[in-house]
Amino acid sequence: MSSTRPSIPATRYRERLAAAQAGAAEAGFGALLIGVGADLRYLTGYPALPLERLTMLVIPAHGAASLIAPRLEADPARACPPAAAGDVPVVTWEETEDPYRLAAGLVRESLGGSSGGGHRVAVSDDLPARHLLRLRDRLPEARLELASPVLRELRIVKDADEVALLSDAAHAADRVVAQIAVGRLVGRTEADVSREVRARLIAEGHDEAIFAIVGSGPNSASPHHEASERVIEAGDPIVLDIGGTIDGYGSDITRTLWVTGGDPDRGPDPRFSRLFEVLRAAQAAARLAVLPGIAAEEVDAAARRPIEAQGFGEAFFHRTGHGIGLEGHEDPYIVAGNREPLRAGMAFSIEPGIYLDGVYGARIEDIVICGPDGPLELNEAPRELHVVDG
């Protein structure tokens, strides 16, 4: 585990808030309304609870931002870096008050007392309907739109501190893969191994263990398999896809194991060995394709071409990757049809897979940063097939 854990400096939130405000003004929004979720955490560092009570950051196109929070959440709200520094006042509301009217009042105040008629107001993309519809009722003449045109541009390119957190999380997940690979597997259920993975992610420094896919035998052909009570046997492949968060930033790694139970005759069969070598070459080709200016879909194509050439095209049926940061899946998506050029600082997974339904499957996944001259690979765990005694 790192002796000095990376973090986002308090001054960075001031810069992010200023950039969001400038982006709102440039896009023609009168205000940004940011609810609980990754956008709020990005802008304030506040991992607010997703309650039925409204917590909302109000960023006017001009003037000071405010953080609305229920009174019972006042202390954690005031502890977030911008509030603690005095940059963002926390406006609390009582249980009998209407927080939506409070938010609408702050918006109108920023618009010079206007009722909001004709003004465009942007709301965070994942704001729950129970909040959105009540805000719409309090701002009936405003045009509510998604805030992603502003916030996506801020979040899609990671700064050095974000990369450090992603790297820390990736290396912790690498260590867990190594620990599982040398441990006992045969005779245990997938669910039991999954529980061990989660515990080890926490032990290696994660704040949360979000998922631990353990797909053994024919279950390895199901990309999002839910770890079950199936007992792992000698001669099984295992797709191990695990991840969690450190200070909100995610890890996500997949490695494929084959357990022999100590019997050399229970190793991978020739078909699986060939399948895996095709997959490994495809994943390497996709990693090497990463370069600023290359369209995201070209990385997907780089993974897909060798798989299709070897006759496994129909068995690779998902996108090659997804962005990662404060959300496990975010922009950019590495998929056919996404012509967006990669930029230095973008972070995403590269995870082709080959799945033979009802038989077995394999996947290799790494988190990669688009560097100025090519890929910066965060995961360091070996990518070859892990043939283990188990």
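A few points on the structure.

### Brief notes about the overall build of the chain
Consideration 1: Each helix and strand counted, the chain has eleven helices and 18 strands in total.
Consideration 2: Over its C-alpha atoms the chain spans a radius of gyration of 23 Å, differing by no more than 12% from the 21 Å that the globule rule assigns to 390 residues.
Consideration 3: Principal-axis analysis of the C-alpha atoms gives the chain an extent of 80 × 40 × 40 Å.
Consideration 4: Evaluated residue by residue, the chain yields a buried proportion of 52% over its 390 residues.
Consideration 5: The distance from the centre of the 39 positive side-chain charges to the centre of the 58 negative ones in the chain is 2 Å.

### Describing the nonpolar core
Consideration 1: By size, the foremost hydrophobic cluster in this structure holds 41 residues, and its most contacted members are Leu 32, Ile 34, Leu 43, Leu 57, Ile 59, Leu 67 and Leu 151.
Consideration 2: When contributions to this core are tallied by element, the ones reaching two or more residues are helix H1 (10–27), strand S1 (29–34), helix H2 (38–44), strand S2 (56–60), strand S3 (66–70), helix H7 (148–155), helix H8 (160–181) and strand S16 (366–371).
Consideration 3: If we skip the residues at most four places from it in the chain, Ile 59 touches Leu 17, Ala 20, Gln 21, Ala 31, Leu 32, Leu 43 and Ala 65.

### Side note on H8
Each α-helix turn comprises 3.6 residues. Residues three or four places apart therefore point the same way.
Consideration 1: The end-to-end C-alpha distance of H8, which contains 22 residues, comes to 31 Å, matching closely the 32 Å that a straight helix rising 1.5 Å per residue would cover.
Consideration 2: Of the residues flanking the start of H8, the one acting as N-cap is Asp 159, its side-chain oxygen 3.0 Å from the backbone nitrogen of Asp 161.

### Concerning helix H11 (residues 296–309)
Consideration 1: With 14 residues, H11 extends 21 Å from end C-alpha to end C-alpha; this agrees with the ideal 20 Å at 1.5 Å per step.
Consideration 2: Contact partners of the buried residues in H11: helix H10 (270–288), strand S12 (330–334), strand S13 (347–350) and strand S14 (353–356).
Consideration 3: Trailing H11 by a residue or two, Gly 311 shows a phi angle of about 85 degrees, which is positive.

### Things to note about the pattern of salt bridges
Consideration 1: By the definition in use, this model includes 40 salt bridges.
Consideration 2: In this structure, the salt-bridge partner of Arg 16 is Glu 162, at a minimum N-O distance of 3.7 Å. Linking Arg 16 in helix H1 with Glu 162 in helix H8, this pair joins segments that are 146 residues apart in sequence. Both residues of the pair, Arg 16 and Glu 162, belong to the buried class.
Consideration 3: For Arg 383, the salt bridge is made with Glu 377, and the minimal N-O distance between the two is 3.4 Å.

### A short note on the sheet that holds S1
Consideration 1: The strand order across the open sheet built from six strands is S4-S3-S2-S1-S5-S6, with neighbouring strands paired in mixed fashion. Every interior strand has two partners, whereas the edge strands, strand S4 (90–93) and strand S6 (143–146), have only one. For this sheet the average axis-to-axis angle between neighbouring strands, irrespective of direction, equals 25 degrees.

### So, the environment of Ser 148
Consideration 1: Relative to the helices and strands, Ser 148 is located in helix H7.
Consideration 2: Overall, Ser 148 belongs to the partly exposed group, its relative accessible area being 22%.
Consideration 3: Put simply, Ser 148 and Val 123 are 25 residues apart on the chain and 8.4 Å apart in space, counted from C-alpha to C-alpha.
Consideration 4: Discounting residues that sit within four places of it in the chain, Ser 148 has contacts with Asp 125 and Glu 153.

### Overview of unusual backbone geometry
Consideration 1: Note that the residue after Asp 331, namely Pro 332, is joined by a cis bond; omega there is 0 degrees.
Consideration 2: Of note, Asp 247 is a non-glycine position whose phi angle comes to about 50 degrees, a positive value.
Consideration 3: Of note, Asp 247 is situated in the loop between strand S8 (236–246) and strand S9 (249–250).

### A word on the layout of surface pockets
Consideration 1: Of the pockets and cavities examined, the largest pocket occupies roughly 490 Å³.
Consideration 2: In terms of lining residues, the largest pocket is bounded by 25 residues, among which Arg 41, Glu 208, Thr 245, Gly 248 and Leu 326 are the most central.
Consideration 3: Only H2, strand S7 (208–216) and S8 provide two or more residues apiece to the lining of the largest pocket.
Consideration 4: With three residues, the single largest contributor to the lining of the largest pocket is S7.
Consideration 5: Tallied by class, the residues present in the lining of the largest pocket amount to eleven nonpolar, nine polar and five charged.

### Observations regarding the environment of Arg 108
Consideration 1: If you trace the backbone, Arg 108 turns up in helix H5 (residues 99–110).
Consideration 2: Distance in space between the C-alpha atoms of Arg 108 and Ala 31 is 9.4 Å, their sequence separation being 77 residues.

### A few points about the pairing of S16
Consecutive residues of a regular strand have side chains that alternate between opposite faces of the sheet.
Consideration 1: Burial runs high along S16: six of the six residues are buried.
Consideration 2: Where S13 meets S16, four bridges bridge the pair, whose relative direction is antiparallel. Along S16, the bridge assignment pairs Ala 347 with Ile 369.
Consideration 3: Note that S16 and strand S17 (residues 374–377) share four bridges and pair antiparallel. The residue bridging Cys 370 from the neighbouring strand is Pro 375, located in S17.

### A word on the environment of Arg 339
Consideration 1: Turning to its location among the elements, Arg 339 is positioned in the loop between S12 and S13.
Consideration 2: The sequence separation of Arg 339 and Glu 298 amounts to 41 residues, and the corresponding C-alpha distance is 8.1 Å.
Consideration 3: The contacts of Arg 339, once residues within four sequence positions are left out, are Ala 295 and Glu 297.

### Some words on the packing of H1 against H7
Helix-helix packing: each pair is described by the crossing angle between the helix axes and the interaxial distance.
Consideration 1: Between H1 and H7, the least distance of the axes is 9 Å, while the angle of their chain directions is 140 degrees. Of the possible angle classes, the one that applies to H1 and H7 is oblique. The handedness of the crossing between H1 and H7 is right-handed. Within the contact between the two elements, H1 uses Arg 16, Ala 19, Ala 20, Gly 23, Ala 24 and Ala 27 and H7 uses Val 150, Leu 151 and Leu 154.

Scoring rules and cut-offs
- Residues numbered from 1 in each chain as written.
- Predicted model: local features only at pLDDT ≥ 70, side-chain atom pairs only at ≥ 80, totals over all residues.
- Heavy atoms only, no water.
- Helix = DSSP H or I, 4+ residues; strand = E, 2+ residues; numbered from the N terminus.
- Rg over C-alpha atoms; globule rule 2.2 N^0.38 Å.
- Buried < 20%, exposed > 50% of the residue type's maximum accessible area, 1.4 Å probe, protein only.
- Lys, Arg positive; Asp, Glu negative; His and termini not counted.
- Charge placed at Lys NZ, Arg CZ, Asp CG, Glu CD.
- Core = buried A, V, L, I, M, F, W, Y, C linked by side-chain atoms within 4.5 Å.
- Contact = heavy atoms within 4.5 Å.
- Expected span 1.5 Å × (residues − 1).
- Polar contact = N/O pair within 3.5 Å; in protein donor to acceptor, adjacent residues only side chain to side chain.
- Salt bridge = Lys/Arg side-chain N within 4 Å of Asp/Glu carboxyl O.
- Pairing = 2+ DSSP bridges.
- Axes fitted to C-alpha atoms, helices over the stretch in contact; angles between N-to-C directions.
- 1 Å grid on protein atoms, 1.4 Å probe; cavity = no way out; pocket = protein on both sides within 12 Å on 5 of 7 lines; lining within 4 Å.
- Points joined across faces, edges and corners; volume = space filled by probe spheres on them.
- Nonpolar A, V, L, I, M, F, W, Y, C, P; charged D, E, K, R; others polar.
- Parallel < 35°, antiparallel > 145°, perpendicular 65-115°, else oblique.
- Left-handed = near helix turned anticlockwise from the far one by under 90°.

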